[in-house]
Amino acid sequence: TEQLGNSTFASTELGLPGISRERHISLSFPPVFIDRIALVTHLAWSEGVNDKAVVGRVRLKTSDGRVLEVPLRAGVDTAEWAYDRRDIRARIRHQRPAVATSFEVNDASGNYQGHTFLTTIALPERAEISGGEILSEPQATAPDLSLAVFRITLVDSSSGQTYALPRHAATVEPFEDSHESPIARWKLLKQTAVDIYENTRALPRAWLAPEGRVLIETDTLEVIRAGKFADGTKWDPARTALIDPSVGNLSGGASGGEASITLYEPNRIVITTKADSDQILVLSENHYPGWRAYVDGRAVETLRVNYNLRGAIVPAGQHQVEFVYRPKSVLIGLVISLLSVLGLTFGSGIRQRFFRRRAAEMLA
């Protein structure tokens, strides 16, 4: 083994090809308690990647079924391998982090050094890890971006133990469903001091989802991050809403209906809906205590949808849905104020009757 920084790495590289949006690195190893992961990596075709942009994610599976995720950031954890090539250096947007190894390059662009980069990233907590994956994060400004991982070491700083992963612990695998091309999703609108892109796949402010899938909170986050369910099927948020177990699964029609916001105020939002079957109305607003839902004036349950969005179940047909902010603190304040007014009015009446009686007695 060789010593790089404070982490011990295997003497030979993993020999893995670079990963992009079409494939990822799958990790498999015996359970081990760790609180950090150390990596030697570099990027290719990354000149357009901004400094500190997330270019990859390390997702580790705990023995109790949870997932711990940490990001890989350009200019902090990794960088372009040809960072010091003169023409690339003039265009590159991110910083150069700590160099792990360097090698001489002699090509048509001249003589320069290529690099791999070292990073050690703390996990959200110390946990027993039994596998995971490393993914590349697509970048609209670098559609051909590739992330290469050369060495991986698991670190337990509390005990001082390090575990260098051997070649058989890491494999490059294709995704079951290739994601859409970033070029197809992001449309360049304007180039100024910064590049402005339009997300052509953005969902509307409010929409109707014909299906509701019950998941616990951790599983909901997993589906949102991966874009697919545990059985490998793709998650389409326009069709399937992720809801809390207290609600129950909903299987509506073959397609969603229509939802249109007709009034938008800080404490009141009105939406008209039209559908052929029961649907889940999803409002792209944070779920927060105090928001109450009404369908045609009748109170219904306010749902927590897709981890932290606001929603409600609406029946088939045409309806008016209102979300009104009426927290319990306001209602309690109104009750106290009303009781205070009633108390003052009642007390004032008693005092007036008392003084009238005294005056009558004095004149008698």
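These lines cover the structure that appears in this document, whether it is placed above or below. (Residues numbered from 1 in each chain as written. Predicted model: local features only at pLDDT ≥ 70, side-chain atom pairs only at ≥ 80, totals over all residues. Heavy atoms only, no water.)

Let us now look at the overall build of the protein. Across its full length, the protein carries four helices and 25 strands. Approximately 20000 Å² of the protein is accessible, and the part contributed by carbon and sulfur atoms is 51%. (Helix = DSSP H or I, 4+ residues; strand = E, 2+ residues; numbered from the N terminus. Areas by Shrake-Rupley, 256 points an atom, 1.4 Å probe, with all protein chains shown as cover.)

Here the focus is the pairing of strand β24 (residues 309–314). Of all six residues making up β24, five are buried, and the element is well covered by its neighbours. Here six bridges tie strand β20 (residues 279–286) to β24, and the two strands are oriented antiparallel to one another. Along β24, the bridge assignment pairs Ile280 with Ile313. Where strand β23 (residues 303–305) and β24 come together, three bridges link them in antiparallel fashion. (Buried < 20%, exposed > 50% of the residue type's maximum accessible area, 1.4 Å probe, protein only. Pairing = 2+ DSSP bridges.)

Before going further, it helps to examine the nonpolar core. Counting residues in hydrophobic clusters, the biggest one holds 34 residues, and the most contacted among them are Ile25, Leu27, Ile37, Val58, Ile134 and Ile152. Where this core is concerned, the elements lending two or more residues are β3 (23–27), β4 (32–44), β5 (54–62), β6 (67–73), β8 (110–136) and β9 (146–156). Dropping the residues within four chain positions of it, Leu27 is found in contact with Leu60, Gly131, Gly132, Glu133, Ile134, Ile152, Leu165, Ala169 and Ala170. Residues Ala206, Ile271, Ala275 and Ala312 belong to the second largest nonpolar core, which totals 14 residues. (Core = buried A, V, L, I, M, F, W, Y, C linked by side-chain atoms within 4.5 Å. Contact = heavy atoms within 4.5 Å.)

We now examine the pairing of strand β16 (residues 240–243). Here β16 shows no split at all, with Thr240 and Leu242 on one side and Ala241 and Ile243 on the other all buried. Relative to β16, strand β15 (residues 211–214) runs parallel, the two being bridged by four bridges. What sits directly across from Glu211, in β16, is Thr240. Since β15 and β16 lie parallel, the crossover through helix α3 (residues 217–226) that links them has a hand, and here it is right-handed. (Right-handed = clockwise from strand over helix to strand, strands pointing away.)

In this section: unusual backbone geometry. With a phi angle near 55°, Trp45 is a residue other than glycine that sits in the positive phi range. Structurally, the position occupied by Trp45 is in the loop between β4 and β5. With a relative accessible area of 58%, Trp45 lands in the exposed category. Although it is not a glycine, Asn306 adopts a positive phi angle of roughly 50°.

Right, let's talk about the packing of aromatic side chains for a bit. This structure, assessed with the given rule, holds three aromatic pairs. For the ring pair Trp81 and Phe103, a centre distance of 6.1 Å and an interplane angle of 15° mean the geometry is stacked. Taken together, the residues span a long stretch of sequence, with Trp81 in the loop between β6 and α1 (86–91) and Phe103 in strand β7 (residues 99–107) at a distance of 22 residues. A residue is classified by how much of its surface remains accessible, and Trp81, at 23% relative accessible area, is partly exposed. Overall, Phe103 belongs to the partly exposed group, its relative accessible area being 32%. Each member of the aromatic cluster is reached from another via a ring pair, and the members are Trp81, Phe103 and Tyr112. Of note, Arg213 hangs over the ring of Phe229, and the distance from its end group to the ring centre comes to 3.9 Å. (Phe/Tyr/Trp six-rings, centres within 6.5 Å; stacked < 30°, edge-to-face > 60°. Lys NZ or Arg CZ within 6 Å of the ring centre and 35° of its normal.)

The five strands lie next to each other as β18-β19-β25-β21-β22, forming an open sheet whose pairing is antiparallel. A single partner strand is all that each edge strand has here, and the edge strands are β18 (258–265) and β22 (298–300). Put simply, the sheet's adjacent strands are angled 25° from each other on average, direction ignored. In terms of strand pairing, strand β19 (residues 268–275) meets strand β25 (residues 317–325) through eight bridges, oriented antiparallel. Looking at β25, one finds that Arg268 is bridged to Val324. (Axes fitted to C-alpha atoms, helices over the stretch in contact; angles between N-to-C directions.)

A word on empty space enclosed by the protein. Empty pockets left among the atoms are what a rolling probe the size of a water molecule brings to light. The full count for this structure, using the stated rule, is one cavity of 30 Å³ or more. Glu217, Thr220, Leu242, Ile243, Asp244, Arg304, Asn306 and Tyr307 are the residues that line the largest cavity. Of all the secondary structure elements, the ones that give two or more residues to the lining of the largest cavity are α3 and β16. Classifying every residue of the lining of the largest cavity gives three nonpolar, two polar and three charged. (1 Å grid on protein atoms, 1.4 Å probe; cavity = no way out; pocket = protein on both sides within 12 Å on 5 of 7 lines; lining within 4 Å. Points joined across faces, edges and corners; volume = space filled by probe spheres on them. Nonpolar A, V, L, I, M, F, W, Y, C, P; charged D, E, K, R; others polar.)

A separate point is the layout of surface pockets. The computed volume of the second largest pocket comes to approximately 160 Å³. Among the residues forming the lining of the second largest pocket, the class breakdown is three nonpolar, three polar and one charged.

Looking at the secondary structure, you find Asp35 in strand β4. A C-alpha to C-alpha distance of 9.4 Å links Asp35 and Ile129, two positions 94 residues apart in sequence. Not counting residues within four places of it along the chain, the set of residues in contact with Asp35 comprises Ile121, Ala122, Leu123, Glu125, Arg126, Val155, Asp156, Ser157 and Ser158. Engagement of the side chain of Asp35 in a polar contact is seen with the side chain of Ser157, the distance being 2.5 Å. (Polar contact = N/O pair within 3.5 Å; in protein donor to acceptor, adjacent residues only side chain to side chain.)

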